[in-house]
Amino acid sequence: MSLYELLRGPLLWVAFGVFFGGMALRVVLFFQLSMQKDKPIYRFFSWKWLWLSIFHWVIPLNETAKKNPVVTLVGFVFHICLIVTPLFLVAHGVLWYESWEISWWSLPESVTDYMTLIAIGSGLFFGIRRMVSPHVRIVTTAADYLLLVVTLAPFVTGYLAYHQYFDYQTIILLHMFFGELMLVVIPFTKLSHFLMFFFSRAVTGMEFGRRNAPSW
Amino acid sequence: MGDKAANFNPDVFKKTAEEKSNARLKMWLEICAHCGLCADTCHFYLANERDPKMMPAYKAKKVLETINKKNKFDEDRLDDFYETIYGECTMCRRCTMFCPFGIDVASIISMARSLSASQGKVPKELLKAVEGHLESGNQMSITEEEWVDTLEWMEEELQEELPGATIPIDKKGADFLYVVNAREPKFYPMDISQAAMVFYLAGADWTMSRKGWDVTNLAMFMGDIAGATKIAKMVRDAAEELEVKRVVVTECGHALRSLQFESPIWLGRDHQFEVVHSVSLFAEYLREGRIKLDKSVFANERCTYQDPCNVSRNGGCAQDGREIVKYLCEDFVEMEPHGEYNYCCGGGGGFIPMAGAFKERRLKSGKVKAEQIKATGATICITPCHNCYDQLRDLSKEYELGIKVLSFKEMFEEALIIPEELKAKEDDEDEE
Ligand code: SF4
Ligand code: SF4
Ligand code: SF4
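Residues numbered from 1 in each chain as written. Chains lettered and ligands numbered in written order. Predicted model: local features only at pLDDT ≥ 70, side-chain atom pairs only at ≥ 80, totals over all residues. Heavy atoms only, no water.

Before going further, it helps to examine the overall build of chain A. Scanning chain A for helices and strands turns up 12 helices and 0 strands. Reading the secondary structure of chain A in the N-to-C direction produces α-α-α-α-α-α-α-α-α-α-α-α. Overall, chain A is about 60 × 40 × 35 Å in size when its C-alpha atoms are taken along their principal axes. By residue count, 48% of the 216 residues in chain A fall in the buried class. For chain A, the exposed area adds up to about 11,500 Å²; of that, 76% sits on carbon and sulfur atoms. Computed over 15 positive and 11 negative side-chain charges, the inter-centroid distance for chain A is 23 Å. (Helix = DSSP H or I, 4+ residues; strand = E, 2+ residues; numbered from the N terminus. Buried < 20%, exposed > 50% of the residue type's maximum accessible area, 1.4 Å probe, protein only. Areas by Shrake-Rupley, 256 points an atom, 1.4 Å probe, with all protein chains shown as cover. Lys, Arg positive; Asp, Glu negative; His and termini not counted. Charge placed at Lys NZ, Arg CZ, Asp CG, Glu CD.)

The subject of this paragraph is the domain arrangement of chain B. Residues and elements named next belong to chain B. Domain assignment breaks chain B into domain 1 (10-122), domain 2 (126-285) and domain 3 (292-415). The straight-line distance from the C-alpha centre of domain 1 to that of domain 3 is 28 Å. Residue-level contacts link 20 residues of domain 1 with 20 residues of domain 3. A combined buried area of about 1,700 Å² lies between domain 1 and domain 3, and 60% of that area is made up of carbon and sulfur atoms. (Domains from an automatic or database assignment. Contact = heavy atoms within 4.5 Å. Buried area = accessible area lost by both parts, 1.4 Å probe.)

It is worth spelling out the site of ligand 2 at this point. Residues and elements named next belong to chain B. Around ligand 2 sit Cys-42, His-43, Phe-44, Pro-56, Lys-59, Cys-89, Thr-90, Met-91, Cys-92, Arg-93 and Cys-95, and that is every residue in its neighbourhood. For the shell around ligand 2, the secondary-structure elements that each account for two or more residues are helix H3 (43-47) and helix H4 (56-68). Along the lines of polarity and charge, the residues of the shell around ligand 2 split into 7 nonpolar, 2 polar and 2 charged. (Near = heavy atom within 4 Å. Nonpolar A, V, L, I, M, F, W, Y, C, P; charged D, E, K, R; others polar.)

Moving on to helix H8 (residues 124-136) of chain B. All names here are of chain B. The end-to-end C-alpha separation of H8 is 18 Å, in line with the 18 Å expected for 13 residues at 1.5 Å each. Buried residues of H8: Leu-126, Leu-127, Ala-129, Val-130, Gly-132 and His-133, and no others. The secondary structure elements touched by the buried residues of H8 are helix H5 (75-87), helix H12 (225-241) and helix H16 (351-354). (Expected span 1.5 Å × (residues − 1).)

Another aspect to go through is the packing of H8(B) against H12(B). Two numbers describe a pair of packed helices, the interaxial angle and the distance between the axes. Residues and elements named next belong to chain B. Running from amino to carboxyl end, H8 crosses H12 at an angle of 45°, the nearest separation of the two axes being 10 Å. Considering their axes alone, H8 and H12 lie oblique with respect to each other. The handedness of the crossing between H8 and H12 comes out as left-handed. Across from Val-130, His-133 and Leu-134 in H8, the residues of H12 making contact are Gly-227, Lys-230, Ile-231 and Met-234. Classifying every residue of the contact of H8 with H12 by side-chain character gives 4 nonpolar, 2 polar and 1 charged. (Axes fitted to C-alpha atoms, helices over the stretch in contact; angles between N-to-C directions. Parallel < 35°, antiparallel > 145°, perpendicular 65-115°, else oblique. Left-handed = near helix turned anticlockwise from the far one by under 90°.)

What follows deals with the interface of chain A and chain B. On the chain B side, the residues contacting the 48 residues of chain A number 49 residues. Around 4,000 Å² of area is buried between chain A and chain B when both sides are counted, 58% of it from carbon and sulfur atoms. Three residues, Ile138(A), Val139(A) and Arg211(A), lead the burial of chain A against chain B; their summed loss comes to 17% of the area buried on that side. Between chain A and chain B we count 6 salt bridges in total. (Salt bridge = Lys/Arg side-chain N within 4 Å of Asp/Glu carboxyl O.)

The next thing to look at is a nonpolar patch on the surface. Taken together, Trp13(A), Ile83(A), Leu87(A), Trp100(A), Ile102(A), Trp104(A) and Trp105(A) make up a surface patch of nonpolar side chains, about 780 Å² in accessible area. Structurally, Leu87(A) is set in helix H6 (residues 69-87). (Patch = residues over 30% accessible without salt bridge, like charges linked within 9 Å, V, L, I, M, F, W, Y side chains within 5 Å.)

Taken as a class, soluble globular proteins show a tendency for nonpolar side chains to be buried jointly. If you look at the biggest cluster of nonpolar residues, it comprises 94 residues, and the most contacted ones within it are Phe30(A), Met27(B), Met55(B), Phe81(B), Tyr86(B), Ile103(B) and Ile108(B). Core analysis: the second largest hydrophobic core is formed by 71 residues, Leu162(B), Phe176(B), Leu201(B) and Ala238(B) among them. (Core = buried A, V, L, I, M, F, W, Y, C linked by side-chain atoms within 4.5 Å.)

Right, let's get into the sheet that holds strand E3 (residues 246-249) of chain B. All names here are of chain B. Spatial strand order, E2-E1-E3-E4: 4 strands in an open sheet with parallel pairing. Both edges of this open sheet fall to strand E2 (206-207) and strand E4 (274-277), since each of them pairs with a single strand only. Taken together, the 4 bridges between strand E1 (residues 176-179) and E3 define a ladder with parallel strand orientation. Counterpart to Tyr-178 in the pairing with E3 is Val-248. Packing of helix H14 (residues 278-287) onto the sheet brings it into contact with E1, E3 and E4, and relative to E4 it is tilted by some 80°. (Pairing = 2+ DSSP bridges.)

Residues and elements named next belong to chain B. Residue alternation in E1 divides its side chains into two sets, Phe-176 and Tyr-178 and Leu-177 and Val-179, and both sets are buried. Of the pairings in the sheet, the one linking E1 to E2 comprises 2 bridges and is parallel in character. The residue of E2 that forms the bridge with Phe-176 is Trp-206.

Okay, the packing of helix H15 (residues 318-328) of chain B against helix H20 (residues 408-415) of chain B next. All names here are of chain B. Two numbers describe how H15 lies on H20: the axes approach to 12 Å, and their chain directions differ by 25°. As the angle between them shows, H15 and H20 are arranged roughly parallel. By crossing handedness, the relation of H15 to H20 is classed as left-handed. Contact with H15, carried on its side by Gly-321, Ile-324, Val-325 and Leu-328, involves Phe-408, Met-411, Phe-412 and Ala-415 of H20 and no other residues of that element. Broken down by class, the residue content of the contact of H15 with H20 amounts to 7 nonpolar, 1 polar and no charged.

Turning next to the sheet that holds strand E8 (residues 404-406) of chain B. Each strand in a sheet pairs with its neighbour through backbone hydrogen bonds, running either in the same direction (parallel) or in the opposite one (antiparallel). Residues and elements named next belong to chain B. Taken together, the 4 strands give an open sheet; going across it, the order is E6-E5-E7-E8, and neighbouring strands pair in parallel fashion. The sheet is open, and its two borders are formed by strand E6 (331-332) and E8, each paired with just one other strand. Bridge count for strand E5 (residues 302-305) against E6 is 2 bridges, and the pairing is parallel. Its bridge partner lying in E6, Arg-302 is registered against Asp-331.

With that out of the way, let us pick up the environment of Arg302(B). All names here are of chain B. Relative to the helices and strands, Arg-302 resides in strand E5. Spatially, the C-alpha atom of Arg-302 lies 5.0 Å from that of Asp-331, the residues being 29 residues apart in sequence. A distance of 3.0 Å separates the side chain of Arg-302 from the backbone oxygen of Thr-376, its partner in a polar contact. (Polar contact = N/O pair within 3.5 Å; in protein donor to acceptor, adjacent residues only side chain to side chain.)

What follows is about the environment of Pro10(A). Residues and elements named next belong to chain A. Turning to its location among the elements, Pro-10 is positioned in helix H2 (residues 10-37). On the basis of relative accessible area, Pro-10 is assigned to the partly exposed category, the value being 35%. Leave out the neighbours within four places in its chain, and Pro-10 touches Met-1 and Glu-5.

As structure tokens, then:
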């Protein structure tokens, strides 16, 4: 089996398996532990405050956004590009179809090309911000930099592959490798916030809500 | 016990850490993006020249590291940890409102205080007050006799002005039980007669209690949940025995937070009564026209309102305070930010009773509040919280604010319109 086939086949399965399995486990563990030790969540459960709390942060309708317009803007753009680009990329669409005969709508290539650049640029912005702002630097760990690299690597290699810079064969292998690496680390690192964000916002929203106070 | 750690006991530490690590704390410590957006939401950070070590997530991170290294944790690290969790956070929860994930640094700090307490390392003043509270039923160790004497004395004082007014004790089935901060009988007994005056004029059906009358709960600030539970239970028992519909909490912030929102969790069930803060009750009386205020009394003053974190952000009464102000002040200026978004005055989280070694840091962290007040140009700062009250008085001295700090009750005493027929006949007095 060639390296390409390995990355395209079994390792991709492993990556998806770890990603979905890991996240499912995170959720199960959260419920399991919280039912024992976080009873107030269930006792004061409120759909209203859960949704309000999520809503005000999924779109930037909060004081933090007003106070930090630049970070908020770059942050939103970064996250949107991060999620939308890989899901709606034409080249990925072809692969989805090849593998499972599923297909959905995809974005024009010129758009995803820009989005890739924007993802990289905004990622760099956050990396530089980490280094230069004392209040961010002090909470930064090596893992934060590594995770930024892991997050950006698929985009950088994807960009290089699309434009066929350097040796395409090598780049595409790297691209697949980094993409799979990212999926694998998500459940075990702060990147899990892509899902836990909703849980966290829900519990805090309800805790403030039962005091009739906003959490945004 | 007290300030100094007894010998460090890693087993107890580990056990406590495991006990206290709930799903939320674990999740928060893991997903914190280290984005730094919480930094300038904390008054400690702002007042200490933006010292990065004062930013909320850093303080939380310290706790995380402690837990992760629980085996290598020793007395020196405990000392460092202690300075952070007691000297650099008032658990005001302001940062929580601004964190994209809503990470509650205050509850992380609170958990850390429990860890510290498991090693016997707590501020000795807090410990003393809590021990006294558990023993005597109030944090100032006032005896039942002294308490009843104080109430009777205040009743007499009140009757000189309002002959019909009373301070009922243990009246079963009253509409509400009024509970206070033990500082009131000890240092400010007039607070009690002022409240009684408001209730009398409003025609309230109320009572005080011989037992469980001190609604403060400093054990909460010590991370001593077992102690906090016992203290809260004293109030609950008193209220449920008297079969009152509501418990009205004096102008005190943490008392409201602990009785209304935390104690139902500690005690495992809802109270059989409603908990209401004084500001909400006063607002209700004014709205319903049951008491009337003469606005002209403070017409020459500019007023501002200090939202106690535990009344506004953590107590949900931000609007009630503002409603009262409308009946009371001609010239009212808000601080910016205010309401739920207020900055803590710097006196919270047990800082005021912790006194001693913490005073300097307390005054320093109050710089943010001092500047906010200065910007309003106010001459009176109203606050319905005993801790804020003390802190603001200290801040006024320290930062030369030249303000009068007043509670609502103090202002009411001057501004309440008393119907002629209720006033004492002046025949045996010839003042004026
Ligand atoms: S606590 Fe919240 S705001 Fe602060 S660094 Fe962590 S994620 Fe960012
Ligand atoms: S709870 Fe208040 S004092 Fe503590 S870190 Fe957050 S903002 Fe600062
Ligand atoms: S002292 Fe006042 S402002 Fe500060 S935490 Fe308490 S209630 Fe908040």
